[in-house]
Amino acid sequence: MEPESGIGSSTSPCQFSLVTLSRNLLLAYQSFGVVYGDLSTSPLYVYSSAFSGKLRNHHNQEAVYGAFSLIFWTLTFVPLIKYVIIVMSADDSGEGGTFALYSLLCRHAKLSLLPNQQAADEELSSYRYGPSSAQAASSSALRRFLEKHKRLRTALLLVVLFGACMLIGDGVLTSAISVLSSVSGIQSTESKLTNAELLLLACIILVGLFALQHCGTHRFFRETGKDGWLSLGGILLSITGTEAMFADLGHFTALSIRLAFVFVIYPCLVVQYMGQAAFLSMNLDSFSNSFYASIPEPFFWPVFVVATLAAIVGSQAVITATFSIVKQCHALGCFPRVKVVHTSKHIYGQIYIPEINWILMVLTLAVTIGFQDTTLIGNAYGLACMTVMFITTFLMGLVIVFVWQRNFFLATFFLLFFWLIEGTYLSAALMKVPQGGWLPLALSVIFMLIMYIWHYGTRRKYNYDLHNKVSLKWVLGLGPSLGIVRVPGIGLIYSELTTGVPSIFSHFVTNLPAFHKVLVFVCVKSVPVPYVSPDERFLIGRVCPRPYRMYRCIVRYGYKDIQRDDGDFENLLVQSVAEFIQMEAVEPHYSSSETSPSVDGRMAVISTRDIRSSMTLTVTEQDFVSVSGSSSKSITLQSLRSMYEDDTPSIRRRQVRFQLPPNPRMDPVVREELMDLIRAKEAGVAYIMGHSYVKARRNSSFIKKLAIDIGYSFLRKNCRGPSVALNIPHISLIEVGMIYYV
């Protein structure tokens, strides 16, 4: 993991130990397929795409040598210098990609649009800055300018999301062009297939791919002129997949990816393109299928099999990255809730999203059947990839200023140098919009519309809660009983607010005949870091004075964290509240004042790595068996015998009980509160949520009504419910209906 301070940061001597080097060499070998699968399959279609269209009139040796020169310098400047040397030094705790850069910027400048982020970020170790860094950032006029104008921060988020949408488009186009290009080699053999048969074979491979998811340059231009400039749309395909080096950084290390590229991938690609150029210079009629035509006949079928497998592996890597992007968009509140399946018990972060997988499959098949031409697909693919690189360069310029604290002119030089190269390619790719380049733009508009509508509706709903919070004086006026019967048990009230009492609480009090003895306002928040340590997962505080038995818990997750349904949430929450009660007795500044309880008390980070690590409570565990579909109670020996005789499905469960250890020096008031907490846990835990309906106000504009009443409502009805996404047991769920007029 590279430090945030930039390229010149000091490196620990132990990094170059034999064990570390062996590990990085192994990771470098593993990265060949995962990281470089897309980049390494580019030779299948680069020359054929570059010399299509108007450049067909320039099939000569001078043009071939010029094209190879362009490919060589493009590979040198963009993947090698920009990404391997510079961009990969800007990792976010070992994570890469556009979201990692945006996360770094949000942590070093107040650029985030996530609601009430400061309360959720309290005392998070990932937010520690050095004194010099903070002083330099505070004196930055550019930083203050961006923080002052919300529209600029919104524009920055839109740029990041646009890059994410283009990457989703890559997930569609990579599979289509890679597989179609690999199988097109069969047409180079004597037993040629028709175009329809070739298309059918490509579609079969694509369906199988998605079904298995759950498991001398100026002389060039002097010769070709404007036609040579337009051919840059094909040349840039030689660097497609470069963004994967940075995006897949979290699964490997920067050193391993650098070793693989510098010593294997880069020289192999240069030699391969050089070999194709030499072959084409002597065979000027083989541009349409130069890769397979240059292979000696005895080696054709082995190379064909390897190329097809490489295309599948490269496509699978991009599809997996698309799943990760969708999850990160959801963490930013910009994508509807979807089902996330963990595909590996051993490798953290490998996920599969069924809905997105089948959408990608349908879109990929539609592109393959609709275009049936790698040149047209290449035009779309090149535009998508170059747009993402252009955005990465922009974000990297901001990172150089805000995160690395380097000179503003250095960042300007970085932007101008690489924007000059990428802008040239991007301008050529934009000229191909009528010839297939419109596709990634259309896909991006659709996905951006979905993201914007979801983000807009979510923020409107949050703002309603924020401006209609229940007055704490009203709650205190009800008294510790809240004006109703307080029954044994724990009530977990879910809300988006990190401070104050949500408006839906008054609906609970007025509609429910009784309420639980212990109430905890739970808020699940995503913070702009990749992962949150379990030791910092829970923030605990007190909402009202001690007799009310009302607490607040903020559960924090990073944008790449996975919310696992391991059954320990209730126990960890009880343990965290107990630890807070004990901490509060030792350090009273964590609680709200008894004489002036008008605001929430200060919240404390409670370590919750393991329920057996509690310093306040004694934990005992007991395994018992329950019949599938029955309540979670122990069963008798007779029913157990009949269960085995009737082959009734059973589930082995674990019951955790808390006890208060003997401690004569403990404050009696604290002991009483802890005993109330333990008894409430034994009585049972209920999850209380609002079943909300969001509608636009009657005086709203037509566009707002269209976005809220139709768009947002459609997305909410067809996405996963909040209780399912939060792994809340249905049998313990209580929902109270509420209409939001936003």
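Just so we're clear, the structure is a prediction, and the values are computed from it rather than from any experiment.

Procedures and definitions
- Residues numbered from 1 in each chain as written.
- Predicted model: local features only at pLDDT ≥ 70, side-chain atom pairs only at ≥ 80, totals over all residues.
- Heavy atoms only, no water.
- Helix = DSSP H or I, 4+ residues; strand = E, 2+ residues; numbered from the N terminus.
- Buried < 20%, exposed > 50% of the residue type's maximum accessible area, 1.4 Å probe, protein only.
- Areas by Shrake-Rupley, 256 points an atom, 1.4 Å probe, with all protein chains shown as cover.
- Axes fitted to C-alpha atoms, helices over the stretch in contact; angles between N-to-C directions.
- Parallel < 35°, antiparallel > 145°, perpendicular 65-115°, else oblique.
- Left-handed = near helix turned anticlockwise from the far one by under 90°.
- Contact = heavy atoms within 4.5 Å.
- Nonpolar A, V, L, I, M, F, W, Y, C, P; charged D, E, K, R; others polar.
- Phe/Tyr/Trp six-rings, centres within 6.5 Å; stacked < 30°, edge-to-face > 60°.
- Lys NZ or Arg CZ within 6 Å of the ring centre and 35° of its normal.
- Salt bridge = Lys/Arg side-chain N within 4 Å of Asp/Glu carboxyl O.
- Pairing = 2+ DSSP bridges.
- Core = buried A, V, L, I, M, F, W, Y, C linked by side-chain atoms within 4.5 Å.
- pLDDT = per-residue confidence, 0-100.

### Focus: the overall build of the protein chain
Logical step 1: A count of helical and extended segments in the protein chain gives 28 helices and 11 strands.
Logical step 2: Across the 742 residues in the protein chain, those meeting the buried criterion constitute 54%.
Logical step 3: Working note: accessible area of the protein chain is about 33300 Å², and carbon and sulfur atoms make up 61% of it.

### A short note on the packing of helix 4 (residues 61-86) against helix 20 (residues 408-430)
Logical step 1: Orientation of helix 4 relative to helix 20, taken along the N-to-C sense of each, is 140 degrees, at an axis distance of 12 Å. Overall, the two elements helix 4 and helix 20 adopt an arrangement that is oblique. Crossing of helix 4 over helix 20 shows left-handed handedness. Across from Leu70, Thr74, Phe77, Val78, Ile81, Lys82 and Ile86 in helix 4, the residues of helix 20 making contact are Phe414, Phe417, Phe418, Ile421, Glu422 and Tyr425.
Logical step 2: Tallied by class, residues from the contact of helix 4 with helix 20 come to 10 nonpolar, 1 polar and 2 charged.

### Digging into the packing of aromatic side chains
Logical step 1: Per the counting criterion, the structure on display carries 25 aromatic pairs.
Logical step 2: Ring geometry for Phe291 versus Tyr292: centroids 5.2 Å apart, planes at 85 degrees, classification edge-to-face. Each of the two residues, Phe291 as well as Tyr292, counts as buried.
Logical step 3: These aromatic residues form a ring-pair network of at least three members: Phe72, Trp73, Phe77, Phe413, Phe414, Phe417 and Phe418.
Logical step 4: Lys461 extends its terminal NZ or CZ atom over the ring of Tyr740, reaching a point 4.8 Å from the ring centre.

### Focus on the pattern of salt bridges
Logical step 1: Applying the stated criterion across every chain, the model contains 9 salt bridges.
Logical step 2: Put simply, Arg107 and Asp92 hold a salt bridge, and the shortest N to O gap is 2.8 Å. In this pair, Arg107 is assigned in helix 5 (residues 98-108) and Asp92 in the loop between helix 4 and helix 5, connecting sequence segments 15 residues apart. Across the pair, Asp92 and Arg107 agree in class, each one buried.
Logical step 3: The residue Glu673 makes a salt bridge to Arg542 at a minimum N-O spacing of 2.9 Å. Separated by 131 residues along the polypeptide, Glu673 in helix 26 (residues 668-683) and Arg542 in strand 5 (residues 538-542) bring together distant segments of the chain. Neither residue differs from the other here; Glu673 and Arg542 are each classed as buried.
Logical step 4: Within this structure, Arg542, Arg546, Glu584 and Glu673 form a network of salt bridges that share partners.

### Section: the packing of helix 4 against helix 19 (residues 374-402)
Logical step 1: Helix 19 packs onto helix 4 with a crossing angle of 40 degrees between their chain directions and a minimal axis gap of 13 Å. By the angle between their axes, helix 4 is oblique relative to helix 19. At the point where helix 4 passes helix 19, the crossing takes the left-handed sense. Contacts between helix 4 and helix 19 pair Val78, Lys82, Tyr83 and Ile86 from the former with Met389, Thr392, Thr393 and Met396 from the latter.
Logical step 2: Of the residues assigned to the contact of helix 4 with helix 19, the class counts are 5 nonpolar, 2 polar and 1 charged.

### Concerning the sheet that holds strand 3 (residues 485-494)
Logical step 1: If you trace the 7 strands from one edge of the open sheet to the other, you get 7-5-6-4-3-10-11, paired in mixed fashion. Strands at the two margins of the open sheet, each flanked by one partner only, are strand 7 (604-606) and strand 11 (733-741). Averaged over all pairs of adjacent strands, the angle between strand axes in this sheet comes to 30 degrees, irrespective of strand direction.
Logical step 2: Of the pairings in the sheet, the one linking strand 3 to strand 4 (residues 514-527) comprises 8 bridges and is parallel in character. Bridge assignment links Val485 to a residue of strand 4, and that residue is Ala514.
Logical step 3: Lying over the sheet, helix 24 (residues 569-586) contacts strand 3, strand 4, strand 5, strand 6 (550-558), strand 7 and strand 10 (685-695), oriented at roughly 50 degrees with respect to strand 5.

### Structural notes on the nonpolar core
Logical step 1: Ranked by size, the top nonpolar core spans 141 residues in total, and within it Tyr36, Tyr47, Phe261 and Met396 carry the most contacts.
Logical step 2: In terms of residues, this core owes the most to one element, helix 19, which gives 17 residues.
Logical step 3: Leave out the neighbours within four places in its chain, and Met396 touches Ile86, Val87, Ala90, Leu101, Trp404 and Phe414.
Logical step 4: In terms of nonpolar packing, the next biggest core, distinct from the first, is built from 36 residues, Val555, Ala680, Tyr687 and Leu733 among them.

### Comments concerning the pairing of strand 10
Logical step 1: Relative to strand 10, strand 3 runs parallel, the two sharing 4 bridges. Looking across to strand 10, one finds that Gly491 is bridged to Ala686.
Logical step 2: Of the pairings in the sheet, the one linking strand 10 to strand 11 comprises 9 bridges and is parallel in character. Looking across to strand 11, one finds that Ser692 is bridged to Met738.

### Structural notes on the environment of Leu512
Logical step 1: Residue position: Leu512 is located in the loop between helix 23 (504-511) and strand 4.
Logical step 2: For Leu512, a relative accessible area of 19% gives the class buried.
Logical step 3: Residues Leu512 and Val736 lie 224 residues apart in sequence; the distance between their C-alpha atoms is 9.2 Å.
Logical step 4: When neighbours within four sequence positions are excluded, Leu512 is seen to be in contact with Ile484 and His507.

### Section: unusual backbone geometry
Logical step 1: In this structure, Gln405 is a non-glycine residue whose phi angle is positive, near 60 degrees.
Logical step 2: Relative to the assigned elements, Gln405 resides in the loop between helix 19 and helix 20.
Logical step 3: Since its relative accessible area comes to 26%, Gln405 is described here as partly exposed.
Logical step 4: Positive phi outside glycine occurs at Leu482, with the angle close to 60 degrees.
Logical step 5: Its location among the elements puts Leu482 in the loop between helix 22 (472-478) and strand 3.
Logical step 6: Taking relative accessible area as the criterion, Leu482 reaches 1% and is therefore assigned buried.

### What about the confidence of the model for the protein chain?
Logical step 1: Summing up the model confidence of the protein chain, the mean pLDDT is 77 and the portion of residues at 70 or higher is 80%.
Logical step 2: When the criterion is pLDDT under 50, residues 1-15 qualifies, and its contacts beyond four places in sequence or with other chains add up to 32 contacts.
Logical step 3: Ignoring residues within four places in sequence, the model shows residues 592-599, a span with pLDDT below 50, making 12 contacts including any to other chains.

### Section: the pairing of strand 6
Logical step 1: Most of strand 6 is tucked away, with 9 of its 9 residues classed as buried.
Logical step 2: The alternating pattern of strand 6 places Met550, Arg552, Ile554, Arg556 and Gly558 on one face and Tyr551, Cys553, Val555 and Tyr557 on the opposite face, and all of these are buried.
Logical step 3: Here strand 4 runs beside strand 6; their pairing, made up of 9 bridges, is parallel. Bridge pairing in strand 6 links Cys523 to Ile554.

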